[in-house]
Amino acid sequence: MASEISPKAEVSPKAKIGDNVKIFPFAYIEDDVEIGDGCIIFPFVSICSGTRMGKRNKVHQGAVIGALPQDFEFRGEKSECIIGDGNVIRENVVINRATHTGGQTVIGNENVLMEGAHISHDTKVGNCCVFGYGTKIAGDCIIEDYVIFSSSVIENAKTRVGEGAMIQAGTTFSEDIPPYIIATKKGLYGGVNFAVGRQHGVDEKVLKHIANAYRLVFNGSSSLFDTILQIEEQVPSGPQIDHIVDFLKTTQAGILSKKVY
């Protein structure tokens with residue numbers, strides 16, 4: 001089907017617009033933009049140069065996609081903002097493109113970004129994540145699949161959030177949050193996120209193994225290095241446990257409530 005572009009929208013003739021795209025009045029789309037099939041762009045949305053958007057995304061009023069990076073190192077270089085398929089981007093969301101040439105800010109597939117969320121430059125987001133109202137993600141962060149951010153969460157720069165984690169409302173953190181856990185408002189370990197695990201078919205026995213691994217991490221007095229050895233020795237291996245171990249081994253920012261030494 002042909003796309004439906006309002007004559008009151010400002011769409012660059014150099015932009016690449018797919019099939020069955022609907023662009024409402026007063027949307028603004030710059031030159032170096034690609035929008036995939038079936039997207040809906042509501043009024044007063046700005047989609048800036050460097051944006052590569054997949055299929056079936058809905059971008060609501062006031063959102064700015066591919067905005068210039070809010071980074072003092074930015075010197076006007078060309079970079080990209082990659083949006084996958086099936087995302088819901090609500091009102092007043094801001095997503096910045098990357099800072100340097102060849103860099104990318106990446107949003108995967110089937111994510112929901114609620115009103116006022118902000119994803120900063122060079123951050124990589126996986127699939128099926130939820131970003132609550134007013135959540136702010138700083139630059140150079142990595143967010144894996146199935147992560148849930150409640151409202152008004154602040155993730156500081158160069159940190160990671162592991163698959164299936166949930167961060168409670170009002171949390172501010174500067175360390176990595178490992179997979180499958182709940183992080184509390186006070187920046188503490190709040191237990192295993194059993195609900196997401198069960199929703200995605202993780203066996204109850206595996207969930208118990210995950211809980212045992214995190215008892216060693218958060219309740220023990222050993223260093224993170226020794227804790228990793230204990231997990232490898234005491235907890236049966238499997239995809240989820242192996243992912244936890246790899247996540248702990250590769251931390252640069254440290255682990256929530258756990259010193260690295």
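Structural data are supplied above this passage.
This one's a predicted model, so the numbers in the text were calculated from it and none came from an experiment.

**Notes on the side chain of Arg 52**
On the secondary structure map, Arg 52 appears in strand β9 (residues 51–53). Residue Arg 52 is classed as buried on the basis of its relative accessible area, which comes to 18%. A distance of 3.5 Å separates the side chain of Arg 52 from the side chain of Glu 80, its partner in a polar contact. Residues in contact with Arg 52, not counting those within four places in the same chain, are Asp 32, Val 33, Glu 34, Glu 80, Cys 81, Ile 82 and Ile 83.

**Some words on unusual backbone geometry**
Phi at Asp 122 is positive, roughly 65 degrees, even though this residue is not glycine. Here Asp 122 lies in the loop between β17 (118–119) and β18 (124–125). The phi torsion at Lys 158 lies on the positive side, around 60 degrees, for a residue other than glycine. Considering the arrangement of structural elements, one finds Lys 158 in the loop between β23 (154–155) and β24 (160–161). You can call Lys 158 exposed: its relative accessible area is 61%.

**Structural notes on the nonpolar core**
The nonpolar side chains of a soluble globular protein tend to be buried, and buried together. Counting residues in hydrophobic clusters, the biggest one holds 63 residues, and the most contacted among them are Ile 41, Ile 65, Ile 95, Phe 131 and Phe 149. Of all the secondary-structure elements, those providing two or more residues to this core are β12 (80–83), β27 (181–183), α2 (204–219), α3 (224–234) and α4 (239–249). Not counting residues up to four positions away in its chain, the partners in contact with Ile 95 are Val 64, Ile 65, Gly 66, Ala 67, Cys 81, Ile 83, Ile 89, Thr 105, Ile 107, Leu 113 and Ile 119.

Rules used throughout
- Residues numbered from 1 in each chain as written.
- Predicted model: local features only at pLDDT ≥ 70, side-chain atom pairs only at ≥ 80, totals over all residues.
- Heavy atoms only, no water.
- Helix = DSSP H or I, 4+ residues; strand = E, 2+ residues; numbered from the N terminus.
- Buried < 20%, exposed > 50% of the residue type's maximum accessible area, 1.4 Å probe, protein only.
- Polar contact = N/O pair within 3.5 Å; in protein donor to acceptor, adjacent residues only side chain to side chain.
- Contact = heavy atoms within 4.5 Å.
- Core = buried A, V, L, I, M, F, W, Y, C linked by side-chain atoms within 4.5 Å.

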